[in-house]
Amino acid sequence: MIFAMYRGPGQLDWRRQVEEHARWLGLVSAYVTYGAFTCAQLSKLGESPAISQIGDAIRLRTTRSTAANAMAIAASEPTGNDIRIDHRLGTDTVQVHVPPATPEQVVFRAADGAFCLSNDLRLLGRIGRSRLDRRAVHALLQYGAIPAPLTLLSGVERAAPGHVTSIDIRSGVATAAVDPLQPREAADGIRFDRCLDAILDTAPKGSVLTFSGGVDSGLLAARLSALRRTDVWLLNFSFGDADPEAKHAAAMARHFHLDFEQTTYESTEMNAFLADIGRDYTYPFGDFATISANLMVRAGIKMAPDAPQFIDGTGADGAFGVGQLARWQKLYRLPRPLLLGAAGLYSWAGLWRRPSRFEHRTRALRRAAQMPLLEAAVVATNALDGVLYRLPPPDRAYLSRAIRTYIIDCAPSTDVRDQYQWLDLLHVCAGEYAAKSFDPLRMRGVRTSFPFLEPDLLAEAFAMPREIKYTFRDAKLALKNSLAASVPAELVYRPKSGFVPPLDRWLTEEPLRGVVQRISAEPGALADYLEITRLRRIVERAAEGQPLTQGVRNFVWMVTFLKLWLDQQPWFAD
């Protein structure tokens, strides 16, 4: 569901742009006028209204299905991970309440005496100028996602997650106040399971759980089975007969009293995915597992066209682990000249071109030399600044301030472990991982539930003693122990490869091969940001089947996604 609100001159022109956007997305539009504001809702037929008036206040908020297929609409507070926008008639202020870890973004612009707000950046691109914000493009290239208050479009701001943002409609000046998690007493595994059960049991009949067979989706399936929610079924996406994770998922599913279906990657679907990136996603981001997540959404909708909701296990890694934090802390204790020397060697010797153990080590040292600890450890997707793109020092400083001000400094505590988790949850889990499926499902009229990103569950997770949650060697310890009560231990305590598509192979095959080659040959507006000659050489090596380093692979996909997204926007002039 897309919504927007507008106040100012040119109401008819604004409606015309909204109508064109609705037709382009295949949605229907509805309007309500409150005072000087016109509010629009773009949705599939049958979706409930997101716009209401309570007393003298306008409220825009999403709604969620319940197990009884009724719509639960809170009178004043958002439900779980839903956003809320409030405006009191007769005032010049709009308040935007955004939960900390939601993939849904609220963006706004005030210009030429008009104010427009929406949860779809593309709609504001249609209405105003479409010039790119240089800092945001650099954020995508280096961090895979754009931190608030930036958006890809200059002059358009984003309400920060985990904040209540008050916006002056006349000037567009926004003031963000942290909306902290509700403090809890020390939690244990039993209380956490109860909280998770309370969230899962609201799932409407016929919901689909995307099931990889890992700890995260495995625990969700186990709790649904314990709740006897046999009306929810499991959907697994397989990369083919040789996919060990698909076989593991099938083995684990046999321990639950839930229907299990498996769909397999079909190369014919790649064309449709690439052609729909601009329609499927309201904003660009940089996780190359987007391909497989999108294809799974498409397969799931075909198998269950009436499914009201998909349930996704994204977020457990962020809430129940600190990754390689201890390793990164050791790197930052090394002498600064050593870090700078390794950083220079990485570029000068061209180590970034080919994967190796030495490349992996020097890549980490280069990141440590270039950016603060938590940026390097959590959000940096590559060490290619100065190699395939150049991040100007003022832009680097701005991005670091935004990440610290609106995310790191708002963590539940000042402990670096909590700050690590908070940055991972908001920037990576919500801004990239959850975004892979959230928008494609929303555009098809289906809700997505991310139980591990719900504020109640995050509050429980941060209230849990660390020795219960994880160790530096064993992430998600609390979740594994809970799951092991339902399935054999060997299915739980094991290495997992993750939901990682075979991008190296796909880059040698059509249609992705041709698309990436075309983009590197004709980068358009992105030419100002990229070292084109080096990028073309990398793309040719990939097309020949030569392996890419992890950072280069991430970078090639980010450029491809961003260029396709821009090319497919009717309002963007390259």
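Whatever comes next refers back to the structure up there.
Note that residues are indexed from 1 along each chain, following the sequence as it is written. Under the rules for a predicted model, residues below a pLDDT of 70 receive no local features and side-chain atom pairs below 80 are neither given nor counted, while totals for whole chains, interfaces and linings still include all residues. No hydrogens and no water enter the side-chain calculation; it runs on all heavy atoms of the structure.

Caption draft 1: Structural context of the packing of helix α3 (residues 134-143) against helix α15 (residues 393-406). Axis geometry follows a simple rule: fit a line to the C-alpha atoms, using only the stretch in contact for helices, then measure angles between N-to-C directions, giving values from 0 to 180 degrees. Secondary structure is summarised from DSSP: a helix means a run of H or I of at least four residues, a strand means a run of E of at least two, and numbering begins at the N terminus for each. For the pair α3 and α15, the least separation of the axes is 10 Å and the interaxial angle reads 75°. In terms of axis orientation, α3 runs roughly perpendicular to α15. Where α3 abuts α15, its residues Arg134, Arg135, His138, Ala139, Gln142 and Tyr143 lie against Asp395, Arg396, Tyr398, Leu399, Ser400 and Ile403. Gly is placed with the polar residues, together with every amino acid not listed as nonpolar (Ala, Val, Leu, Ile, Met, Phe, Trp, Tyr, Cys and Pro) or charged (Asp, Glu, Lys and Arg). Taken together, the residues that form the contact of α3 with α15 break down as 5 nonpolar, 3 polar and 4 charged. Any angle between 65 and 115 degrees counts as roughly perpendicular, while under 35 counts as roughly parallel, over 145 as roughly antiparallel, and the rest as oblique. The contact rule is simple, with two residues in contact once any of their heavy atoms fall within 4.5 Å.

Caption draft 2: View of the packing of aromatic side chains. Within 6.5 Å between ring centres, the rings of Phe, Tyr and Trp (the latter by its six-membered ring) count as paired, and their orientation is classed by plane angle as stacked under 30 degrees, edge-to-face over 60, tilted in between. Inspection of the entire model under this criterion finds 20 aromatic pairs. For the pair Tyr6 and Trp14, a centre-to-centre distance of 5.2 Å together with 15° between the ring planes defines the contact as stacked. Classification of Tyr6 by relative accessible area gives buried; the value is 7%. Each residue gets one of three labels from its accessible area relative to the maximum for its type: buried under 20%, exposed over 50%, partly exposed in between, using a 1.4 Å probe on protein chains only. Judged by its relative accessible area of 1%, Trp14 falls in the buried class. Ring geometry for Tyr281 versus Phe285: centroids 5.5 Å apart, planes at 75°, classification edge-to-face. Each member of the pair, Tyr281 as well as Phe285, carries the same accessibility label: buried. Members of the aromatic cluster, each reached through a chain of ring pairs, are Phe273, Tyr281, Tyr283, Phe285, Trp557 and Phe561. The criterion is that NZ of a Lys, or CZ of an Arg, lies within 6 Å of the ring centre and within 35 degrees of the ring normal, and then a charge sits over that ring. Seen from the ring of Tyr31, Arg15 lies directly overhead, with NZ or CZ sitting 4.3 Å from the centre.

Caption draft 3: Structural detail: empty space enclosed by the protein. Two kinds of site are reported from a 1 Å grid over the protein atoms alone, namely cavities, where a 1.4 Å probe fits but cannot get out, and pockets, open sets with protein on both sides within 12 Å along at least five of seven lines, and residues are called lining when an atom falls within 4 Å of a point. Grid points are joined across faces, edges and corners, and a volume is the space filled by probe spheres set on the points. Summed over the entire model, instances satisfying the criterion amount to 5 cavities of 30 Å³ or more. Of the pockets and cavities examined, the largest cavity occupies roughly 180 Å³. Forming the boundary of the largest cavity are 20 residues, of which Gln105, Ala145, Ile146, Pro147 and Arg158 lie nearest the centre. With 3 residues, helix α16 (residues 416-433) is the largest single contributor of residues to the lining of the largest cavity. A per-class count over the lining of the largest cavity returns 15 nonpolar, 4 polar and 1 charged. Roughly 40 Å³ of volume is contained in the second largest cavity. Lining the second largest cavity, in full, are Tyr265, Ser267, Met270, Trp506, Glu509, Glu510, Pro511 and Leu512. Its residues assigned to classes, the lining of the second largest cavity comprises 5 nonpolar, 1 polar and 2 charged.

Caption draft 4: Examining the nonpolar core more closely. Grouping buried Ala, Val, Leu, Ile, Met, Phe, Trp, Tyr and Cys residues that are joined through side-chain atoms within 4.5 Å yields what is termed a nonpolar core. Leu152 and Phe256 are the most contacted members of the largest nonpolar core, which totals 172 residues. If one sorts the elements of this core by residue count, helix α24 (residues 550-567) sits on top with 11 residues. Phe3, Phe37, Val96 and Leu117 belong to the second-largest nonpolar core, a separate cluster that totals 18 residues.

Scope: geometric values only; no functional claims are made or implied.
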